[in-house]
Amino acid sequence: MKKILNEITIILLIAGVAVSTSSCNKEYVNPSAGSVPSVTTNVDALMNLCAGMQRRFTVGRQSPLYNAPIGGAYAVFGLNTLNAGNLTEAALQAGKGAVQPGNSTVTQLWGQNLLLKTEAETILDNLGIATDAGDKVGLKAYASIFYALSLGTLAQFYEQIPLTKGLNATFSPRIDAIQKAITVLESADADLTTTNPSAKFLTKVPAGIDAKNTVKALLARYYNMHSMATGTYNAVSGNKAITFAGAASTTVKSEFRFSAATPNPLGEQNVTVNVYGAIDSTLGLKNGLAPVPASTEPRIGFYISKVGGIYPMKGFAAIITTPYPVYLPGEMSLIIAENYARQNNFAASKTALDAVRTKTTDVYGIGANQPAYSGTLDQASLLTDIYKQRRIELFMSGMELEDARRFARPAPNSTTEERNRTFYPYPFTERDNNTNTPADPAI
């Protein structure tokens with residue numbers, strides 16, 4: 001945590017937007033911005049920090065929005081490195097012991113999300129300076145969303161996470177990080193039921209995020225993760241996941257938007273057709289789960305193309321200005337289907353599953369156009385198809401590794417392995433500065 005804290009000290013000396021370089025090691029900031037008191041006593045400065053959080057999360061090859069999607073997809077054999085000189089991606093594709101603590105995806109997912117967490121905490125800890133209710137709820141909602149995204153992303157890739165600040169911070173189980181994300185989101189959700197973000201606040205942050213629906217969707221996502229985080233199903237969390245998934249709009253877009261000045265990091269790499277592409281039209285699905293034939297599955301054509309023998313990205317990684325959704329309607333339906341299946345309510349599970357399988361389109365233009373589920377109505381069969389639908393519907397979402405664990409898909413080194421890691425190792429940047437860093441988890 002020492003290196004992270006050094007960067008946090010710099011962040012707290014500014015009131016403007018942090019501008020990241022492509023370096024793994026340094027965060028550069030606006031030297032003409034305000035002092036520490038101006039950050040924590042000035043509403044406009046906190047609003048600017050909100051805008052900076054989105055930039056940190058979404059812009060550049062160091063961002064979580066680049067590293068989580070490739071980290072998740074590579075871990076389940078979904079991507080192919082097109083140029084062996086891309087050492088980070090090549091190691092992720094090899095997986096297992098090739099993914100070392102110095103890998104830049106391992107390092108950046110860790111460091112950028114911890115910095116994002118602290119920026120969000122700075123805002124949440126200083127909400128009292130906002131005298132306008134709309135300003136305050138905007139700050140709270142936005143900070144809560146990125147706080148949850150930071151912890152949720154870390155929990156998808158790392159077994160334990162430091163939740164406190166300070167040198168040699170202790171680590172906590174990932175379920176504690178998920179719970180902290182949930183607690184913060186529930187508080188924001190309660191406030192958003194009575195108060196909308198102010199017009200002033202909305203002019204200060206990038207357009208695209210619908211706070212009310214995003215908070216509900218993230219609550220559904222993280223309650224869903226929480227429900228199986230110990231390996232035993234928690235029906236209380238599962239029912240919360242069902243409730244919030246049903247409450248998040250499937251007709252309202254909530255998305256990160258990009259421009260030439262702030263490009264989509266996945267699209268930025270995709271346009272060169274020189275970094276990675278899909279492994280093929282199976283998206284890495286194995287053991288009888290691959291869509292057959294792929295030509296009858298329109299989601300394959302939505303997410304990837306084919307040029308010769310390679311499969312460049314389309315979908316939300318097509319070009320540098322392609323928006324990237326914070327959540328998808330299909331994710332919400334599949335969360336409902338999963339939890340009803342785990343509760344042995346097979347009829348309700350099938351209804352939610354079919355809402356995805358049979359849809360011809362959605363607000364993002366994603367259609368499955370598949371027949372209704374006709375398999376056995378039991379828990380194992382339904383969960384297998386729900387997993388398959390998640391892998392296709394949510395390709396390059398960053399949730400693939402989490403899904404593979406939660407659905408107990410074949411582990412690394414088994415004869416039918418479906419993932420090449422279980423968790424990532426802790427980066428050297430943490431281990432070299434924190435004596436409390438745990439031993440790396442088994443592959």
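Each remark here, short or long, concerns the structure printed above.
Reference entry: report on the structure contained in this document.

### A short note on the overall build of the protein chain
Within the protein chain, the secondary structure is distributed over 18 helices and eight strands. Computed over the C-alpha atoms, the radius of gyration of the protein chain is 21 Å, within 12% of the 22 Å expected from 2.2 N^0.38 for a compact globule of 443 residues. Seen through its principal axes, the protein chain has C-alpha atoms that stretch 60 × 50 × 40 Å. Buried positions account for 58% of the 443 residues belonging to the protein chain. Here the contacts in the protein chain between residues at least 6 apart in sequence split such that 72% fall between residues at least 24 apart. With an accessible surface of roughly 15700 Å², the protein chain has 55% of that area assigned to carbon and sulfur atoms.

### A closer look at the nonpolar core
Grouped together as the largest cluster of nonpolar side chains are 118 residues, with contacts concentrated most on L139, F146, Y222, F256 and Y276. Per-element tally for this core: the top contributor is helix α7 (residues 133-157), with 14 residues. Setting aside its immediate chain neighbours within four residues, Y276 contacts Y66, I70, Y74, L79, N80, T81, L82, L266, Q269, M313 and M396.

### Looking at the pattern of salt bridges
The final tally for this structure, using the stated rule, is 27 salt bridges. For K96, the salt bridge identified is with E417, shortest N-O distance 2.9 Å. Note that K96 is positioned in the loop between α5 (87-94) and α6 (104-124) and E417 in the loop between α17 (400-406) and α18 (428-431), a separation of 321 residues in sequence. Relative accessible area serves as the criterion here: at 21%, K96 is assigned to the partly exposed category. Its relative accessible area of 18% is what places E417 among the buried residues. Salt-bridge contacts for E121 lead to K165; the nearest nitrogen and oxygen are separated by 3.6 Å.

### Some details on the environment of Q160
Within the element layout of this structure, Q160 appears in strand β4 (residues 160-162). Along the chain, Q160 and P438 lie 278 residues apart, while their C-alpha atoms are 8.0 Å from each other. Setting aside chain neighbours within four positions, we find Q160 in contact with W110, F171, S172, P173, R174, Y426 and P438.

### Some words on the environment of S249
With respect to the secondary-structure elements, S249 resides in the loop between α11 (235-247) and β6 (255-256). Separated by 80 residues in sequence, S249 and P329 have C-alpha atoms that sit 7.5 Å apart. When sequence neighbours within four positions are dropped, the list of residues in contact with S249 reads N213 and Y327. Here V252 takes part through its backbone nitrogen, which lies 3.1 Å from a polar atom of the side chain of S249.

### Here we look at empty space enclosed by the protein
Scanning all chains against the criterion turns up three cavities of 30 Å³ or more. Around the largest cavity sit 25 residues that line it, and R221, Y324, P325, V326 and S397 are the ones nearest its centre. Listed by contribution, the elements that provide at least two residues to the lining of the largest cavity are α4 (64-75), α7, α10 (211-227) and β8 (324-325). In terms of residue count, α4 provides more of the lining of the largest cavity than any other element does, four residues in total.

### A closer look at α11
With 13 residues, α11 should cover 18 Å at 1.5 Å per step; its first-to-last C-alpha distance of 18 Å lies within 8% of that length. Listed in full, the buried residues belonging to α11 are S237, G238, A241, I242, F244 and A245.

### Some thoughts on the side chain of S349
Mapped onto the elements, S349 comes out in helix α15 (residues 346-357). For S349, a relative accessible area of 0% puts it in the buried group. Those residues in contact with S349 that lie beyond four places of it in its chain are A337, Y340, A341, L382 and I386.

### Quick look at the environment of L116
Following the sequence through the fold, L116 ends up in helix α6. Note: C-alpha distance between L116 and D210 (94 residues apart in sequence) is 19 Å. Once residues within four sequence positions are removed from consideration, L116 is found in contact with M53, R56, F57, F146 and S150.

### Re the packing of helix α3 (residues 43-58) against α7
For any two helices packed against each other, one specifies the crossing angle of their axes together with the interaxial distance. Packing of α3 against α7 brings their axes to within 10 Å, and their N-to-C directions diverge by 30°. Classified by the angle their axes make, α3 and α7 are roughly parallel. Our pair here, α3 against α7, has a crossing hand that is left-handed. Facing α3, whose interface residues are V43, L46, M47, C50, M53, Q54 and F57, α7 presents D135, L139, Y142, A143, F146, L149 and T153. Looking at the contact of α3 with α7 residue by residue, the classes come out as eleven nonpolar, two polar and one charged.

Criteria and thresholds
- Residues numbered from 1 in each chain as written.
- Predicted model: local features only at pLDDT ≥ 70, side-chain atom pairs only at ≥ 80, totals over all residues.
- Heavy atoms only, no water.
- Helix = DSSP H or I, 4+ residues; strand = E, 2+ residues; numbered from the N terminus.
- Rg over C-alpha atoms; globule rule 2.2 N^0.38 Å.
- Buried < 20%, exposed > 50% of the residue type's maximum accessible area, 1.4 Å probe, protein only.
- Contact = heavy atoms within 4.5 Å.
- Areas by Shrake-Rupley, 256 points an atom, 1.4 Å probe, with all protein chains shown as cover.
- Core = buried A, V, L, I, M, F, W, Y, C linked by side-chain atoms within 4.5 Å.
- Salt bridge = Lys/Arg side-chain N within 4 Å of Asp/Glu carboxyl O.
- Polar contact = N/O pair within 3.5 Å; in protein donor to acceptor, adjacent residues only side chain to side chain.
- 1 Å grid on protein atoms, 1.4 Å probe; cavity = no way out; pocket = protein on both sides within 12 Å on 5 of 7 lines; lining within 4 Å.
- Points joined across faces, edges and corners; volume = space filled by probe spheres on them.
- Expected span 1.5 Å × (residues − 1).
- Axes fitted to C-alpha atoms, helices over the stretch in contact; angles between N-to-C directions.
- Parallel < 35°, antiparallel > 145°, perpendicular 65-115°, else oblique.
- Left-handed = near helix turned anticlockwise from the far one by under 90°.
- Nonpolar A, V, L, I, M, F, W, Y, C, P; charged D, E, K, R; others polar.

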